[in-house]
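Notes for the structure review
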Amino acid sequence: TELPRVKRVLGMLRGLAPESLLDLGSGRGTFLWPLLASLPHLPVTAIEQSERRVADLLAVRAGGVERLSVVRMDAEHLTFDPQSFDGVTMLEILEHLPRPELGLRGALSVARRFVIVSVPSVPDDNPEHLHLFSVEQLRQMAANAGCSRVTFEHVLNHRIMLCQTT
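These lines cover the structure that appears in this document, whether it is placed above or below. For clarity, every value in this text was computed on a predicted model and none was experimentally measured. (Residues numbered from 1 in each chain as written. Predicted model: local features only at pLDDT ≥ 70, side-chain atom pairs only at ≥ 80, totals over all residues. Heavy atoms only, no water.)

1. Details of the pairing of strand S6 (residues 149-155)
Regular strands place side chains that alternate from one sheet face to the opposite one. The condition that has to hold: A pair of strands is treated as paired once DSSP finds two or more bridges between them. Helix and strand assignments come from DSSP, with helices taken as H or I runs of at least 4 residues and strands as E runs of at least 2, each series counted from the N terminus.
In the sheet, S6 pairs with strand S7 (residues 158-164) via seven bridges, with the strands oriented antiparallel. Note on S7: the bridge partner recorded for Thr151 is Leu162.

2. Considering the sheet that holds strand S3 (residues 68-72)
Stated formally: Every angle, taken between N-to-C directions, lies between 0 and 180 degrees, and every axis is a line fitted to C-alpha atoms, over only the stretch in contact when it is a helix. By definition in these notes, contact holds between two residues if any of their heavy atoms fall within 4.5 Å.
Reading across from one edge, S3-S2-S1-S4-S5-S7-S6 is the order of the seven strands in this open sheet, with mixed pairing throughout. Edge positions in the open sheet fall to S3 and S6, since each of these has one partner strand only. Recorded for the sheet is a direction-independent mean angle of 15° between the axes of neighbouring strands. Taken strand by strand, helix H3 (residues 51-62) contacts strand S2 (44-48) and S3, and its axis lies near 160° from that of S3.

3. Points about the pairing of strand S4 (residues 85-91)
For clarity, the cut-off: Burial classes: relative accessible area under 20% of the type maximum marks a residue as buried, over 50% as exposed, and values in between as partly exposed (1.4 Å probe, protein chains only).
The element S4 is extensively covered by neighbouring structure, given that seven of its seven residues are classed as buried. Relative to S4, strand S1 (residues 21-24) runs parallel, the two being bridged by four bridges. If you follow Leu24 over to S4, its bridge partner there is Met90. Pairing between S4 and strand S5 (residues 111-120): six bridges, direction parallel. Each bridged residue has a counterpart across the sheet, and for Thr89 the counterpart in S5 is Ile116.

4. Things to note about H3
Spacing of three or four residues puts side chains on the same side of an α-helix, whose turn is 3.6 residues. This is how it is decided: One less than the number of residues in a helix, times 1.5 Å, gives the span that helix is expected to have. As used here, the arc belongs to the directions running from the helix axis to the C-beta atoms.
Along its 12 residues, H3 runs 16 Å from first to last C-alpha, staying within 8% of the 16 Å computed at 1.5 Å per residue. Within the span of H3, buried status applies to Arg53, Val54 and Leu57. Angularly, the buried residues of H3 cover 100° about the axis, an arc narrow enough to put them on a single face. Those residues of H3 that are exposed and aimed more than 90 degrees away from the buried face are Glu51, Arg52 and Ala62. In this structure, the buried side of H3 is in contact with helix H2 (32-38), S2 and S3. Downstream of H3 by one or two residues, Gly64 has phi in the positive range, about 125°.

These figures come from the coordinates and say nothing about function on their own.
Take a look at the structure:
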């Protein structure tokens, strides 16, 4: 919860007050654990492609976090029905996707109200990062994916984009 981007996204979520949330690319839980602690009544579905990460997340659910659902799925090929979740988070995942526009389009299709995206804003040495997005690139990608309203915030070497669908 000490990372500035995590704090900011949690603040955004408190203000948006979603009824359900899809977290794409939950990974090691850098964002997921503070989210579950900060919003104790929010049902969260975590998506991960890694079999090992899915097993870890399922162990957390089995350990008593019943409002956490876990699904192994590719973020570029979501199979949920349209508008299945009130909100979607894509935190530190878009830069990893070979076709990030597919991931954002899919996230917007399953969101009723909003999608929150965070990405690095400066180059780094992570070999798994395939993209570094400018604000204009993100804005264009969001518009192409059907986002009706987009806003940006900048938090310590990261961009946070809020796409609202309504």
